[in-house]
Amino acid sequence: MKIEALDIRKYFGPVRANDGITLTVEPGSIHGLLGENGAGKTTLMKILTGFISADGGETRLDGRPVRFASPAESIRHGIGMLHQEPLDFPPLKVLDNLLLAFEDRLIPGRQQVRRVLEELCRRFNFSIDPDARVNTLTVGERQQLEILRLLALGAEVIILDEPTTGISAPQKVLLFATLRRLAKEEGKSVIFVSHKLEEVEELCDRVTVLRQGKVTGHIEAPFRAEQLVQLMFGQSLLRSDRSRVPLGEPALELQDVTVQTYRLTVSHMSLAVRAGEVIGLAGLEGSGQRLMLRACAGLQRPSSGRVRLQGDDFTRRSYRDFLAAGVAYLPAGRIEEGLIRGLTLTEHYVLTQRGHQPLFIDWVGAAEGMQHKIAEFNIRGQSGTPVEALSGGNQQRALLSLLPPVLKVLAMEHPTRGLDIESAMWVWEQLLERRKSGTAILFISADLDELMEHSDRIIVFSGGVMASPIDAAATSIEELGYLIGGVRDNS
Ligand SMILES: Nc1ncnc2c1ncn2[C@@H]1O[C@H](COP(=O)(O)OP(=O)(O)OP(=O)(O)O)[C@@H](O)[C@H]1O
Ligand SMILES: [Mg+2]
């Protein structure tokens, strides 16, 4: 099915999120939509799928004008979307989740749906257990389920909004193979939204680049990276040179620490992280790096061993005590864990100032404080904007802006996930600046370049085993990729 957007406009107050966007996606092709954070990608896709309505312009399917009042209506016309922030998943079984998809249609029986699911899984090499609960699936598995759900509903146009965020390297390989197959063999139209050049280059037949709500170019493969960068940012980027800081005393020590959950045990971890040092944690999703990081921040109690901060034993202390001692934790799930849906930026600001607040909240002062952060971190939004109205990248900036100014240890999951290159470079500049005042940084990343570029030492996790740290300067991306899973990852 051919889908056309003609002169689409959408304004949010003063923000021209979509400012006259025109694009055509041909059946049987993978069409990339590339643009920096806040460029208007998600807004456009939400308009095409009836999540929000446009202020102007027209959508056509195979030449016929259509207007969708809801996502249900758009999927009835064969357009389905995988969202950037996962929709809420109730603790349902996979099978029931799929049954629900059939809402008001003729409801097939459980057995029939089970067969459809098994058949689809075979076709795409997915392995999803029909009886698993959806909230226990990994991000990658949820995504596979969502693709199957859209196919079961008869989607002809499949839109994926930054689908590689948060999935493992093998899951990404499988996803790309699936998308190629959907386009080339089944004639579907695929729209792949991303701000990652390499992914677009690898996968897409055609790409439309957006910048500040406008189209800056439509290009056919093969693409030239420089040209794409130019269209995205308007100028070429320089790579930052890494400065070194002298390392101080150990800020954080793990002594033979074991952490255990019902899913995974990570045993005998020992490590001393010095003030000003940056430690990158690598590994496939679920290999133990997140448990280790959470133990470092007091979010996961060790079942044995000791955790020390500046030499003091914090092993059995609470997260509050860790916070008070200058440890901050930045989670990966922005809306699920980090930010609170429904609250504005100013309200978040007030929450982070808790403890320093007198009995009455100074809202005017808080709004001003947040206004400074917005300017400093270049957040596209206002102090009164509810966080869910920010674009994905701007949510990440908001989280970073709310970190306490002085820290001993900063533990982060995927600090630049969802950010475009320029924003990611800027964020790292800010983070590395903190080393000068002695902050030790530990971060998880799935991006090997990011690990190599910013870490002093890298620790690879695999199946619950923490390997000894390696010197980032003395290793190569290939070696790292091999250590992580024997799978070469081009991202
Ligand atoms: N509901 C809303 N209310 C107010 N402003 C909004 C709303 N949704 C989006 N915006 C603004 O519109 C602009 C475009 O946002 P959009 O989410 O489309 O960007 P994006 O290209 O998807 O960015 P990212 O890569 O960060 O996800 C941003 O400045 C954003 O803050
Ligand atoms: Mg987006």
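The structure contained in this document is the topic of the report that follows.

The rules behind the values
- Residues numbered from 1 in each chain as written.
- Chains lettered and ligands numbered in written order.
- Predicted model: local features only at pLDDT ≥ 70, side-chain atom pairs only at ≥ 80, totals over all residues.
- Pairing = 2+ DSSP bridges.
- Helix = DSSP H or I, 4+ residues; strand = E, 2+ residues; numbered from the N terminus.
- Contact = placed C-beta atoms within 7 Å.
- Axes fitted to C-alpha atoms, helices over the stretch in contact; angles between N-to-C directions.
- Near = placed C-beta within 6 Å.
- Nonpolar A, V, L, I, M, F, W, Y, C, P; charged D, E, K, R; others polar.
- Domains from an automatic or database assignment.
- Buried ≥ 20, exposed ≤ 12 C-beta atoms within 10 Å, placed from the backbone.

Let's talk about the sheet that holds strand 14 (residues 304-309)
Working step 1: Within the open sheet, the 4 strands sit side by side as 12-11-14-15. Their pairing is antiparallel. The sheet is open, and its two borders are formed by strand 12 (265-274) and strand 15 (312-313), each paired with just one other strand.
Working step 2: When strand 11 (residues 250-260) meets strand 12, the two strands line up antiparallel, connected through 7 bridges. Within the sheet, the bridge partner assigned to Pro250 lies in strand 12 and is Arg274.
Working step 3: This element, helix 9 (residues 289-296), spans strand 11, strand 12 and strand 14 of the sheet and lies at about 125 degrees to strand 11.

Describing the site of ligand 1
Working step 1: The local shell around ligand 1 holds 21 residues, among which Phe12, Thr42, Thr43, Ser391 and Gly393 are the closest.
Working step 2: Listing elements by their share of the shell around ligand 1, those giving two or more residues are strand 2 (15-25), helix 1 (41-48) and helix 14 (392-401).
Working step 3: The residue inventory of the shell around ligand 1, partitioned by class, reads 6 nonpolar, 13 polar and 2 charged.
Working step 4: Built from parts of two domains, the shell around ligand 1 gets at least three residues from each of domain 1 (3-233) and domain 2 (250-485).

Side note on unusual backbone geometry
Outside of glycine, negative phi angles account for most residues, and trans bonds account for most peptide bonds.
Working step 1: Cis rather than trans, the peptide bond between Ala221 and Pro222 has omega equal to -5 degrees.
Working step 2: Along the chain, Pro222 falls in the loop between strand 10 (214-220) and helix 8 (225-233).
Working step 3: One non-glycine residue, Asp7, adopts positive backbone phi at about 50 degrees.
Working step 4: With respect to the helices, strands and loops of the structure, Asp7 is situated in strand 1 (residues 3-12).
Working step 5: Overall, the presence of 13 C-beta atoms within 10 Å leaves Asp7 in the partly exposed class.
Working step 6: Even without a glycine there, the phi angle at Gln212 is positive, about 45 degrees.
Working step 7: Examined against the element boundaries, Gln212 turns out to sit in the loop between strand 9 (206-211) and strand 10.
Working step 8: C-beta crowding within 10 Å serves as the criterion here: with 16 such atoms nearby, Gln212 is assigned to the partly exposed category.

A look at the sheet that holds strand 9
Working step 1: Read across the open sheet, the 6 strands follow the order 6-7-8-3-9-10; overall the sheet is mixed. Each edge of the open sheet carries a strand with a single partner, namely strand 6 (79-82) and strand 10. If you compare each strand with its neighbour and ignore which way they point, the axes differ by 20 degrees on average.
Working step 2: Strand direction decides the pairing type here: strand 9 and strand 10, joined by 6 bridges, are antiparallel. Looking at strand 10, one finds that Arg206 is bridged to Glu220.
Working step 3: On the sheet, helix 8 packs against strand 3 (30-35), strand 9 and strand 10 and is oriented at approximately 30 degrees with respect to strand 9.

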